[in-house]
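What follows is the residue order along each chain.
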Amino acid sequence: MLRALRNTWRLLRMALSLARHDALFPLETLGIVPALVVWARLFARRRDARRPGERLAAALQEMGPSFIKLGQALSTRSDLLSESVAVDLARLQDHLPAFSGAEARRTIETELGQPIAALFKSFDDVPVAAASIAQVHFAVTTDGRDVAVKVLRPAIERAFERDLDLFYWMAELVERTQPRFRRLKPVDSVRAFADVIRVEMDLRMEAAAAEELGGNFSDDPGYRAPTIDWDRTAQRVLTLERVDGIPIGDRDGIVAAGHDPDLVMKKAAEAFFYQVFRDGFFHADMHGGNAFVDRAGHIVPVDFGIMGRIDEDTRGYLAELLVAFLRRDYRAVAEVQFRAGYVPSDQSREMFAQACRSIGEPIFGKPSHEISIARLLAQMLRVTEQFEMTVQPQLLLLQKTMLMAEGMGTRLNPHVNIWELARPLIEEWMLSHFGPRATIGRAVEDLAQGLRRLPRLIDSLHVVAERERRQAEAESKDPSPVTGRAWRPRFAEIIAVLALIAAIVAWWH
C-alpha cells in the first residue's frame, strides 16, 4: 500500500512534467491512469510548435538522469512509438550540470583508498563532460601519463533505484490492466533496462568491456580501444588513456588534420561489421562524439557503458535477412523470420512476405547512398504488432546503433553508403558461414559431438541395466503370485532407443 501511494504521487509529478511540455501522449497510450491524465491535461502547454518527440525529449530531460536514460532506451522502440518520435528521442542529450571537483576528488580517494596526490601529478577540477550518470576529468598520473578519469555522480545509485521502482510499478500496472501490451512484456523490458543501468553504474564493468573490445581488435591497423589503468579503477572510478584525436563526426577537423574522410568511413564500416558478425560484441552508443580519429588515423571509441551482444544464431539470422532483402526476395525474408521462430507459425507466410515487400521496395527504390539498412530493420520490427512477432531486444539495440553509424557516415560523406563499404566483408562472411564447405563442416562437427556423447550414454546404459537386473532378481524372489502381468518396456530399453535416436539425429544433421 505504501509503495502504491509513493509511486502514485511520483506518477502525478511525472504527469505534470509531461503536461508542461504537452507530452502526455505516452501515458494516454498506456491508458493506466486516465483520470490522472485528464487532470494533468488542464496544465498542458498549448500550441507548442515542437514535434511530439521533441516535446517528450524536453520533458524527460527536465525529469532527470533516470528519465534521460529511459528516453534513450525508448529511442530503440519504434515498434512502440512512431518513427519520428523515436528519432527525436535518439537525439536526447545526456548532459546535466556538473558536480563539484571537490566531490569528485572525495569519491576517487574513497574508492581507491589513496589521496589524490599519490595517484595523480595533476587533476583538473573542471570536468570536460558531465552526463546523467558520471562526469569526466582530465588528469596526469604520477608517472606522467595523460589520462581521463570518469567519476560517478554522488548518490546516483539511490536515485536510480527509486526511479526504477516507479518504472516497475507502472509496468506491473500495464500488465494487469492492459492485455494488449502483455505481448511486449513490460516488466521484462524494465528488468532489461535496469540490468543495463546497473552495469553502467559499475565502472569496472565498463573497463572490462573496453578491454574486451580492444582485445578483439588487437591486430587491426585502423581501430583500437584506449588502455585501461586498472590500478586507478574501481566501482565508482574509471581511469583510462586520454585520447588525443578529432571527433569522428567532425569532418572538417578530420580533413584539416590530413585524414581522408572516406578512408575513415571505410574503417568505421569494417569495424562495425567485425564487432557484430565476427565477435557478436559491439559498441552500442556510437554517436559522433563517442569515437575519435587519432594522429595515426586510428578510430578510437570511448564510453563503453552501453555494449551489445549477439549470439551466433542471431548473427546468422541477421545475415540471411539482410541478404534476402538485398536480393528483394521477400519470400525468403519471410522464411528466415518463421524459421527463427520470431513470427508465430500460425501466421500467413504469404501475408508476411507481402508486408516485407511493402517495407523493402520504398527503401531499395532510392539511390544507393540514400538506402538506410537501419530504417529497414526498424520498419521490420514495426510489424511486430500486426503479426504478433516476439520482441527481440538485442535487435532493437543493434538497430539504434546502425542508425547512429549511418548518421556518422552521412556526416563524413553524404554521397556514400556506409554499408556498401562493408559489403565485401558481408559476402565473404556469408560464404564462409553458409556456403557448401561451411554446411559440410557443421554436419561433421555435429556428428563428432554425437560420437563424443556415445561413451557417456553407453556408461549410463550399463548403470541403468545393472539396476534393472537387480530389480528383476528381487521381483523373482517375491513369493506373492503375479499373474496376467503385461509386458512393459524397461527403463534401460527406453534409454537405448533414445540413444539410438540421438545418434541418428547427430548423423543426419
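The model shown is predicted, which means the values in this text are computed figures rather than measured ones.

**Focus: the overall build of the protein chain**
Next up, step 1: Summing up its helical and strand segments, the protein chain has 22 helices and 10 strands in all.
Next up, step 2: Looking at the protein chain as a whole, 46% of its 509 residues qualify as buried.
Next up, step 3: Working note: accessible area of the protein chain is about 26,100 Å², and carbon and sulfur atoms make up 57% of it.

**Looking at the side chain of E406**
Next up, step 1: Positionally, E406 belongs in helix α19 (residues 393-412).
Next up, step 2: Judged by relative accessible area, which is 10%, E406 ranks as buried.
Next up, step 3: Sequence-distant contacts of E406, that is, excluding residues within four places in its chain, are made with I371, S372, I373, A374, I418 and W419.

**Here we look at helix α10 (residues 186-200)**
Next up, step 1: For α10, with 15 residues, the first-to-last C-alpha span of 21 Å sits near the 21 Å given by 1.5 Å per residue.
Next up, step 2: By the burial criterion, the buried members of α10 are P186, V187, V190, F193, A194, I197 and E200. One face of α10 carries all of its buried residues, which in axial projection span an arc of 135 degrees.
Next up, step 3: Where α10 is buried, its residues contact α5 (65-74), β4 (146-152), α9 (156-177) and α11 (203-216).

**A closer look at the environment of I108**
Next up, step 1: For I108, the location among the structural elements is in helix α7 (residues 101-112).
Next up, step 2: In the structure, I108 is positioned 124 residues away from R232 in sequence and 8.7 Å away in space, judged by C-alpha atoms.

**Notes on the pattern of salt bridges**
Next up, step 1: As enumerated under the stated definition, the model contains 33 salt bridges in all.
Next up, step 2: In this structure, R41 and E28 form a salt bridge, with 2.5 Å as the shortest nitrogen-oxygen distance. Here R41, found in helix α3 (residues 34-41), pairs with E28, found in helix α2 (residues 25-30); they are 13 residues apart in sequence, far enough to count as distant.
Next up, step 3: When its relative accessible area of 23% is taken as the criterion, R41 is described as partly exposed.
Next up, step 4: E270 serves as the salt-bridge partner of K266, at 2.4 Å between the closest nitrogen and oxygen. Remark: E270 and K266 occur in helix α13 (residues 261-279); sequence separation between them is 4 residues, near one turn of the helix.
Next up, step 5: Bridged by salt links that share partners, the residues R3, R6, D165 and E172 form one connected network.

**Structural notes on the packing of helix α15 (residues 330-339) against helix α16 (residues 349-364)**
What describes two packed helices is the angle between their axes and the distance between those same axes.
Next up, step 1: At a minimum axis distance of 8 Å, the contact between α15 and α16 shows a crossing angle of 120 degrees. Between α15 and α16, the angle is such that the two are oblique. For the element pair α15 and α16, the recorded crossing hand is right-handed. Where α15 abuts α16, its residues Y330, R331, V333, A334, E335, Q337 and F338 lie against R349, E350, F352, A353, C356, R357, G360, E361 and F364.
Next up, step 2: Its residues placed into classes, the contact of α15 with α16 shows 8 nonpolar, 2 polar and 6 charged.

**Comments concerning the packing of aromatic side chains**
Next up, step 1: Overall, the coordinates contain 9 aromatic pairs when judged by the stated rule.
Next up, step 2: Plain terms: the ring middles of F325 and Y330 are 6.0 Å apart, the flat faces sit at 70 degrees to each other, and that makes the pair edge-to-face.
Next up, step 3: On the accessibility criterion, F325 (1% relative accessible area) is buried.
Next up, step 4: Each residue in the set F67, F167 and F193 is aromatic and connected to the rest through ring pairs, giving one cluster.
Next up, step 5: The ring of F138 is capped by R242, whose NZ or CZ atom sits 4.3 Å from the centre of that ring.
Next up, step 6: Above the ring of F338, the side-chain terminus of R349 is found at 4.3 Å from the ring centroid.

**A short note on a nonpolar patch on the surface**
Next up, step 1: The grouping of W39, L42 and F43 at the surface amounts to a nonpolar patch, some 340 Å² of accessible area in total.
Next up, step 2: Relative to the helices and strands, W39 resides in helix α3.

Each value, and the rule that gives it
Residues numbered from 1 in each chain as written. Predicted model: local features only at pLDDT ≥ 70, side-chain atom pairs only at ≥ 80, totals over all residues. Heavy atoms only, no water. Helix = DSSP H or I, 4+ residues; strand = E, 2+ residues; numbered from the N terminus. Buried < 20%, exposed > 50% of the residue type's maximum accessible area, 1.4 Å probe, protein only. Areas by Shrake-Rupley, 256 points an atom, 1.4 Å probe, with all protein chains shown as cover. Contact = heavy atoms within 4.5 Å. Expected span 1.5 Å × (residues − 1). Arc of directions from axis to C-beta. Salt bridge = Lys/Arg side-chain N within 4 Å of Asp/Glu carboxyl O. Axes fitted to C-alpha atoms, helices over the stretch in contact; angles between N-to-C directions. Parallel < 35°, antiparallel > 145°, perpendicular 65-115°, else oblique. Left-handed = near helix turned anticlockwise from the far one by under 90°. Nonpolar A, V, L, I, M, F, W, Y, C, P; charged D, E, K, R; others polar. Phe/Tyr/Trp six-rings, centres within 6.5 Å; stacked < 30°, edge-to-face > 60°. Lys NZ or Arg CZ within 6 Å of the ring centre and 35° of its normal. Patch = residues over 30% accessible without salt bridge, like charges linked within 9 Å, V, L, I, M, F, W, Y side chains within 5 Å.

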